[in-house]
Amino acid sequence: MKNVDDLIASAAELAEQGLSKGEIADELNVSRETASWLVERSGNAAPAPTRSTGGPHDIHVDWSALGRDSTRLGYAGKSMADLLSKQGEDVDLTIGIEKAGAPLATSVAAELDTDLGTYTPSKHQWEEGDIDDLGGTFSRNFAEIRGRDCYLVDDTITSGTTMTETVEAVREEGGEPVACCVLVDKQGVEEIEGVPVYSLLQVIRVGNGE
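Thresholds, definitions, all that
Residues numbered from 1 in each chain as written. Predicted model: local features only at pLDDT ≥ 70, side-chain atom pairs only at ≥ 80, totals over all residues. Heavy atoms only, no water. Helix = DSSP H or I, 4+ residues; strand = E, 2+ residues; numbered from the N terminus. Buried < 20%, exposed > 50% of the residue type's maximum accessible area, 1.4 Å probe, protein only. Contact = heavy atoms within 4.5 Å. Areas by Shrake-Rupley, 256 points an atom, 1.4 Å probe, with all protein chains shown as cover. Axes fitted to C-alpha atoms, helices over the stretch in contact; angles between N-to-C directions. Parallel < 35°, antiparallel > 145°, perpendicular 65-115°, else oblique. Left-handed = near helix turned anticlockwise from the far one by under 90°. Nonpolar A, V, L, I, M, F, W, Y, C, P; charged D, E, K, R; others polar. Salt bridge = Lys/Arg side-chain N within 4 Å of Asp/Glu carboxyl O.

Of the regular secondary structure elements, the protein chain holds seven helices and seven strands. Start at the N end of the protein chain and walk to the C end: the helices and strands fall as α-α-α-α-α-β-α-β-β-β-α-β-β-β. Going through the 210 residues of the protein chain one by one, you find that 46% of them count as buried. Considering only residue pairs separated by 6 or more positions, the protein chain has 64% of its internal contacts joining residues 24 or more positions apart. Accessible area for the protein chain stands at about 10800 Å²; split by element, carbon and sulfur atoms hold 45% of it.

Turning our eyes to something else, we now look at the side chain of T162. With respect to the element layout, T162 can be found in helix α7 (residues 161–172). If we ignore the near neighbours within four places in the chain, the residues touching T162 are I97, P121, K123 and D154.

Here we take up the packing of helix α5 (residues 70–84) against helix α6 (residues 101–112). Taken N-terminus to C-terminus, the directions of α5 and α6 make an angle of 60°; their axes are 8 Å apart at the nearest point. Relative to α6, the element α5 is oriented oblique. Between α5 and α6 lies a crossing of right-handed hand. Facing L73, G74, A76, G77, K78, M80, A81 and L84 of α5, the residues of α6 in contact are P103, L104, S107, V108, E111 and L112. Across the contact of α5 with α6, the residue classes break down as nine nonpolar, three polar and two charged.

Once that is clear, we can look at the packing of helix α1 (residues 4–16) against helix α3 (residues 32–42). It is the contact of α1 with α3, at a shortest axis distance of 8 Å, that shows an interaxial angle of 85°. Put simply, α1 runs roughly perpendicular to α3. For the pair α1 and α3, contact is made by V4, L7, I8, A11, A12 and A15 and by W37, L38, V39, R41 and S42, respectively. Considered class by class, the residues forming the contact of α1 with α3 number nine nonpolar, one polar and one charged.

All right, on to the pattern of salt bridges then. Scanning the entire structure with this criterion turns up three salt bridges. A salt bridge links D115 to R148; the nearest nitrogen and oxygen atoms lie 2.7 Å apart. Of this pair, D115 sits in strand β2 (residues 115–120) while R148 sits in the loop between β3 (137–138) and β4 (149–157), placing them 33 residues apart in sequence. For D115, a relative accessible area of 39% translates into the label partly exposed. For E176, the salt bridge goes to R171, with nearest N and O atoms at 4.0 Å. E176 gets classed as partly exposed once you look at its relative accessible area, which sits at 37%. Take R171: its relative accessible area is 34%, and that puts it in the partly exposed class. Where salt bridges share partners, they join D92, D115 and R148 into one cluster.

Worth remembering: the numbers are spatial, not functional.
Below is the structure:
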(Lines give C-alpha, C1' and ligand atoms only; values in the text may rest on other atoms or scores of the structure.)
Protein backbone atom coordinates (compact mmCIF):
# COMPACT_ATOMS: atom_id res chain seq x y z
CA MET A 1 0.00 0.00 0.00
CA LYS A 2 1.42 3.37 -1.01
CA ASN A 3 -1.07 6.03 0.06
CA VAL A 4 -4.23 6.88 1.97
CA ASP A 5 -6.42 6.09 -1.04
CA ASP A 6 -5.11 2.52 -0.99
CA LEU A 7 -5.99 2.25 2.70
CA ILE A 8 -9.47 3.65 2.13
CA ALA A 9 -10.05 1.11 -0.66
CA SER A 10 -8.81 -1.71 1.57
CA ALA A 11 -11.04 -0.56 4.44
CA ALA A 12 -14.02 -0.51 2.08
CA GLU A 13 -13.28 -4.04 0.87
CA LEU A 14 -12.91 -5.36 4.41
CA ALA A 15 -16.12 -3.63 5.54
CA GLU A 16 -18.00 -5.19 2.63
CA GLN A 17 -16.70 -8.59 3.76
CA GLY A 18 -18.39 -8.00 7.12
CA LEU A 19 -15.35 -7.25 9.30
CA SER A 20 -15.92 -5.03 12.31
CA LYS A 21 -14.04 -1.75 12.56
CA GLY A 22 -11.88 -3.32 15.23
CA GLU A 23 -10.96 -6.17 12.90
CA ILE A 24 -10.24 -3.68 10.12
CA ALA A 25 -7.92 -1.80 12.48
CA ASP A 26 -6.15 -5.09 13.15
CA GLU A 27 -5.87 -6.02 9.48
CA LEU A 28 -4.49 -2.62 8.46
CA ASN A 29 -2.29 -2.13 11.55
CA VAL A 30 -3.87 1.20 12.43
CA SER A 31 -5.72 2.55 15.46
CA ARG A 32 -9.47 2.08 15.89
CA GLU A 33 -9.90 5.82 15.32
CA THR A 34 -8.06 5.57 12.02
CA ALA A 35 -10.04 2.49 10.98
CA SER A 36 -13.31 4.35 11.61
CA TRP A 37 -12.08 7.32 9.60
CA LEU A 38 -11.04 5.10 6.68
CA VAL A 39 -14.38 3.29 6.62
CA GLU A 40 -16.27 6.57 6.78
CA ARG A 41 -14.19 7.99 3.93
CA SER A 42 -14.93 4.88 1.88
CA GLY A 43 -18.67 5.52 2.09
CA ASN A 44 -19.40 2.34 4.05
CA ALA A 45 -20.52 4.21 7.17
CA ALA A 46 -22.33 7.39 8.14
CA PRO A 47 -19.96 10.39 8.16
CA ALA A 48 -18.58 11.39 11.54
CA PRO A 49 -16.77 14.58 12.58
CA THR A 50 -13.04 14.48 11.91
CA ARG A 51 -10.20 16.68 12.99
CA SER A 52 -9.48 19.94 11.20
CA THR A 53 -6.35 18.35 9.74
CA GLY A 54 -8.55 15.95 7.74
CA GLY A 55 -8.09 12.78 9.76
CA PRO A 56 -6.36 11.09 12.66
CA HIS A 57 -2.58 11.10 13.07
CA ASP A 58 -1.37 7.55 12.66
CA ILE A 59 1.29 5.43 10.99
CA HIS A 60 0.36 2.51 8.76
CA VAL A 61 2.69 -0.50 8.98
CA ASP A 62 2.69 -2.85 5.98
CA TRP A 63 4.66 -6.00 6.80
CA SER A 64 3.03 -8.16 4.12
CA ALA A 65 6.44 -8.84 2.55
CA LEU A 66 7.11 -10.94 5.66
CA GLY A 67 3.60 -12.26 6.16
CA ARG A 68 3.13 -13.68 2.68
CA ASP A 69 6.33 -15.71 2.73
CA SER A 70 6.78 -18.52 5.27
CA THR A 71 10.58 -18.37 5.11
CA ARG A 72 10.71 -14.64 5.81
CA LEU A 73 8.10 -15.03 8.53
CA GLY A 74 10.24 -17.74 10.09
CA TYR A 75 13.26 -15.42 10.12
CA ALA A 76 11.17 -12.72 11.81
CA GLY A 77 10.00 -15.27 14.38
CA LYS A 78 13.59 -16.32 15.07
CA SER A 79 14.57 -12.68 15.63
CA MET A 80 11.67 -12.19 18.02
CA ALA A 81 12.54 -15.43 19.81
CA ASP A 82 16.09 -14.18 20.23
CA LEU A 83 14.80 -11.01 21.91
CA LEU A 84 12.69 -13.10 24.29
CA SER A 85 15.15 -15.90 24.98
CA LYS A 86 16.87 -14.15 27.89
CA GLN A 87 13.60 -13.37 29.68
CA GLY A 88 12.94 -16.29 31.99
CA GLU A 89 14.21 -19.86 31.91
CA ASP A 90 10.92 -21.42 33.03
CA VAL A 91 8.72 -19.98 30.26
CA ASP A 92 6.98 -22.83 28.46
CA LEU A 93 4.11 -21.03 26.72
CA THR A 94 3.92 -18.46 23.92
CA ILE A 95 0.60 -16.67 23.36
CA GLY A 96 -0.19 -15.09 20.00
CA ILE A 97 -2.66 -12.23 19.83
CA GLU A 98 -5.11 -12.87 17.00
CA LYS A 99 -5.04 -12.46 14.11
CA ALA A 100 -1.59 -11.42 12.95
CA GLY A 101 0.18 -12.32 16.18
CA ALA A 102 -0.77 -16.01 15.90
CA PRO A 103 1.55 -17.01 13.00
CA LEU A 104 4.38 -15.01 14.56
CA ALA A 105 3.81 -16.72 17.91
CA THR A 106 3.80 -20.11 16.18
CA SER A 107 7.26 -19.39 14.79
CA VAL A 108 8.49 -18.07 18.15
CA ALA A 109 7.09 -21.09 19.99
CA ALA A 110 8.82 -23.48 17.60
CA GLU A 111 12.13 -21.66 18.02
CA LEU A 112 11.92 -21.57 21.83
CA ASP A 113 10.29 -25.00 22.15
CA THR A 114 7.24 -23.79 24.07
CA ASP A 115 3.56 -24.63 23.93
CA LEU A 116 1.25 -22.31 22.00
CA GLY A 117 -1.82 -20.34 23.01
CA THR A 118 -3.91 -17.68 21.28
CA TYR A 119 -5.97 -14.74 22.49
CA THR A 120 -8.67 -12.92 20.52
CA PRO A 121 -8.88 -9.32 21.82
CA SER A 122 -12.10 -7.44 22.43
CA LYS A 123 -11.42 -5.03 19.55
CA HIS A 124 -12.47 -7.73 17.08
CA GLN A 125 -16.04 -7.16 18.27
CA TRP A 126 -15.77 -3.39 18.28
CA GLU A 127 -17.78 -1.12 15.95
CA GLU A 128 -18.42 2.08 17.88
CA GLY A 129 -18.62 3.26 21.48
CA ASP A 130 -17.00 1.99 24.64
CA ILE A 131 -14.81 -1.06 24.11
CA ASP A 132 -14.68 -1.67 27.88
CA ASP A 133 -18.06 -3.40 27.66
CA LEU A 134 -16.57 -6.09 25.40
CA GLY A 135 -14.33 -9.02 26.30
CA GLY A 136 -11.63 -11.11 24.65
CA THR A 137 -11.23 -14.90 24.65
CA PHE A 138 -8.55 -17.57 24.77
CA SER A 139 -8.97 -20.39 22.28
CA ARG A 140 -9.62 -23.80 23.85
CA ASN A 141 -7.96 -25.45 20.86
CA PHE A 142 -4.56 -24.42 22.19
CA ALA A 143 -2.61 -24.69 25.45
CA GLU A 144 -4.07 -23.76 28.82
CA ILE A 145 -2.81 -20.65 30.62
CA ARG A 146 -3.30 -21.26 34.33
CA GLY A 147 -0.17 -21.58 36.44
CA ARG A 148 2.23 -20.93 33.57
CA ASP A 149 4.82 -18.28 32.71
CA CYS A 150 4.35 -17.05 29.16
CA TYR A 151 5.47 -14.74 26.38
CA LEU A 152 2.97 -12.51 24.52
CA VAL A 153 3.47 -11.96 20.79
CA ASP A 154 1.76 -9.57 18.36
CA ASP A 155 2.66 -7.79 15.15
CA THR A 156 2.20 -4.13 16.14
CA ILE A 157 1.68 -1.97 19.20
CA THR A 158 -0.40 1.00 18.06
CA SER A 159 -1.84 2.46 21.27
CA GLY A 160 -0.92 -0.34 23.68
CA THR A 161 -4.56 -1.06 24.52
CA THR A 162 -4.62 -4.56 23.07
CA MET A 163 -1.37 -5.64 24.72
CA THR A 164 -2.55 -4.21 28.04
CA GLU A 165 -5.80 -6.12 27.72
CA THR A 166 -3.92 -9.33 26.95
CA VAL A 167 -1.58 -8.96 29.92
CA GLU A 168 -4.57 -8.46 32.21
CA ALA A 169 -6.48 -11.37 30.64
CA VAL A 170 -3.52 -13.73 31.13
CA ARG A 171 -3.27 -12.76 34.78
CA GLU A 172 -7.00 -13.22 35.29
CA GLU A 173 -6.64 -16.69 33.75
CA GLY A 174 -3.95 -17.55 36.29
CA GLY A 175 -0.90 -17.15 34.08
CA GLU A 176 2.10 -14.86 34.43
CA PRO A 177 3.27 -12.74 31.46
CA VAL A 178 7.08 -12.59 31.47
CA ALA A 179 7.68 -10.47 28.35
CA CYS A 180 5.92 -9.07 25.28
CA CYS A 181 7.36 -8.91 21.78
CA VAL A 182 6.15 -7.27 18.55
CA LEU A 183 7.49 -6.56 15.10
CA VAL A 184 6.80 -2.82 15.33
CA ASP A 185 6.14 -0.60 18.34
CA LYS A 186 4.55 2.72 17.38
CA GLN A 187 4.62 4.00 20.96
CA GLY A 188 8.18 3.19 22.00
CA VAL A 189 7.05 1.69 25.31
CA GLU A 190 9.49 -0.15 27.55
CA GLU A 191 6.87 -1.99 29.58
CA ILE A 192 3.14 -2.58 29.85
CA GLU A 193 1.58 -3.30 33.24
CA GLY A 194 5.06 -4.08 34.57
CA VAL A 195 5.86 -6.50 31.73
CA PRO A 196 8.89 -5.64 29.54
CA VAL A 197 8.19 -4.98 25.87
CA TYR A 198 10.61 -5.84 23.04
CA SER A 199 10.28 -4.94 19.38
CA LEU A 200 12.27 -5.40 16.19
CA LEU A 201 11.44 -1.84 15.13
CA GLN A 202 10.30 1.31 16.91
CA VAL A 203 8.55 4.21 15.20
CA ILE A 204 9.39 7.60 16.72
CA ARG A 205 7.35 10.67 15.82
CA VAL A 206 9.26 13.93 15.44
CA GLY A 207 6.99 16.95 15.85
CA ASN A 208 3.21 16.91 16.11
CA GLY A 209 2.42 16.10 12.48
CA GLU A 210 0.65 19.42 11.87
